[in-house]
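Inside the fold
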Amino acid sequence: MRIAFSADHAGAALKDELIERLAGAGLGHDLIDLGGDGSDPNDDYPDFARRLGEAVVAGTAERGVLICGSGVGASVAANKMRGIRAAICHDTYSAHQGVEHDDMNVLTLGARVLGPEPAYECVLAFLAATFSGEPRHRRRLDKVLAIEAASGKAV
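Figured I'd write up the structure that's included with this text. Computed from a predicted structure; not experimentally measured.

With 17 residues, helix 6 (residues 135-151) should cover 24 Å at 1.5 Å per step; its first-to-last C-alpha distance of 24 Å lies within 8% of that length. Along its buried surface, helix 6 packs onto helix 4 (92-102).

The structure is reproduced here in structure tokens:
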């Protein structure tokens, strides 16, 4: 799977650590670093959310991991893009359930909220999950997609 990562100034160190750990784990994922190195306090989460969202929407990446200080701003910004279903998850249950039930394609994390080990576990749960396609989950996802279509949300 191709996984894009990006982070604002507050999330860059955690992003780098997660990429390094995942690369060393030998899981076979193609890890794409879309930036945010933490050197510029003006590296704002909307810029990196857009960069990551565009990669997912274009198919350059199948999923994304987006990190800011709390995870909240990154989630809000990413969800403004048509085709992105992002959620902040700070536990493994939500990270896999969001994919299995809601077809979540972007995981957001808060570097100031979650330590490296729980963040890594959340990413592993997110990447291991697949959308169930069960009728009740498909029905709910279709309703979400209808809301998105009616909103005129732009890419």
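L18, V65, L107, L109, V123 and F126 are the most contacted members of the largest nonpolar core, which totals 24 residues. Elements with a minimum of two residues in this core: strand 1 (2-7), helix 1 (12-25), strand 3 (63-68), helix 4, strand 5 (106-110) and helix 5 (116-128).

For the structure on display, the rule yields zero aromatic pairs. Here the guanidinium or amino end of R21 rests over the ring plane of Y120, the centre of that ring lying 3.8 Å away. The aromatic ring of F126 is capped on one face by R63, whose charged end is 5.2 Å from the ring centroid.

Moving on: unusual backbone geometry. The phi dihedral of D103 is positive, around 55°, even though this residue is not glycine. Considering the arrangement of structural elements, one finds D103 in the loop between helix 4 and strand 5.

So, on to a negative patch on the surface. There is a patch of like negative charges on the surface, built from D37, D40, D44 and D47. Judged by relative accessible area, D44 falls into the partly exposed class, the value being 37%.

Definitions and cut-offs
- Along each chain, the written sequence defines residue order, and numbers are assigned to residues from 1.
- In view of the model being predicted, local features appear only for residues whose pLDDT reaches at least 70, and side-chain atom pairs are presented and counted only at 80 or more, with totals across whole chains, interfaces and linings using the full set of residues.
- To get the side-chain values, all heavy atoms of the structure are used, and hydrogens and water are removed first.
- The numbering of helices and of strands both runs from the N terminus, where a helix is a DSSP run of H or I of at least 4 residues and a strand a run of E of at least 2.
- In this analysis, the expected span of each helix is defined as 1.5 Å times one less than the number of residues it contains.
- Pairs of residues are marked as contacts when any of their non-hydrogen atoms sit within 4.5 Å.
- Definition used in this section: a nonpolar core is a set of buried Ala, Val, Leu, Ile, Met, Phe, Trp, Tyr and Cys residues joined via side-chain atoms within 4.5 Å.
- For each residue, the accessible area found with a 1.4 Å probe, counting protein chains only, is set against the maximum for its type, and the residue is called buried under 20%, exposed over 50%, and partly exposed in between.
- Any two of the Phe, Tyr and Trp rings considered here, Trp counted by its six-membered ring, make a pair once their centres fall within 6.5 Å; the pair's planes then place it as stacked at under 30 degrees, edge-to-face at over 60, or tilted in between.
- Two limits define a charge over a ring: the Lys NZ or Arg CZ must be within 6 Å of the ring centre, and within 35 degrees of the ring normal.
- For patch detection, residues must exceed 30% relative accessible area and be free of salt bridges, and they are connected within 9 Å for like charges or within 5 Å for nonpolar side chains (Val, Leu, Ile, Met, Phe, Trp, Tyr).
- Residue burial considers only the protein chains on display, and all accessible areas are found by Shrake-Rupley using a 1.4 Å probe.
- Salt bridges are identified by distance alone: a Lys or Arg side-chain nitrogen within 4 Å of an Asp or Glu carboxyl oxygen.
- By the counting rule applied here, Lys and Arg register as positive and Asp and Glu as negative, while His and the ends of each chain are not counted.
- We put the charge of a Lys on NZ, of an Arg on CZ, of an Asp on CG and of a Glu on CD.

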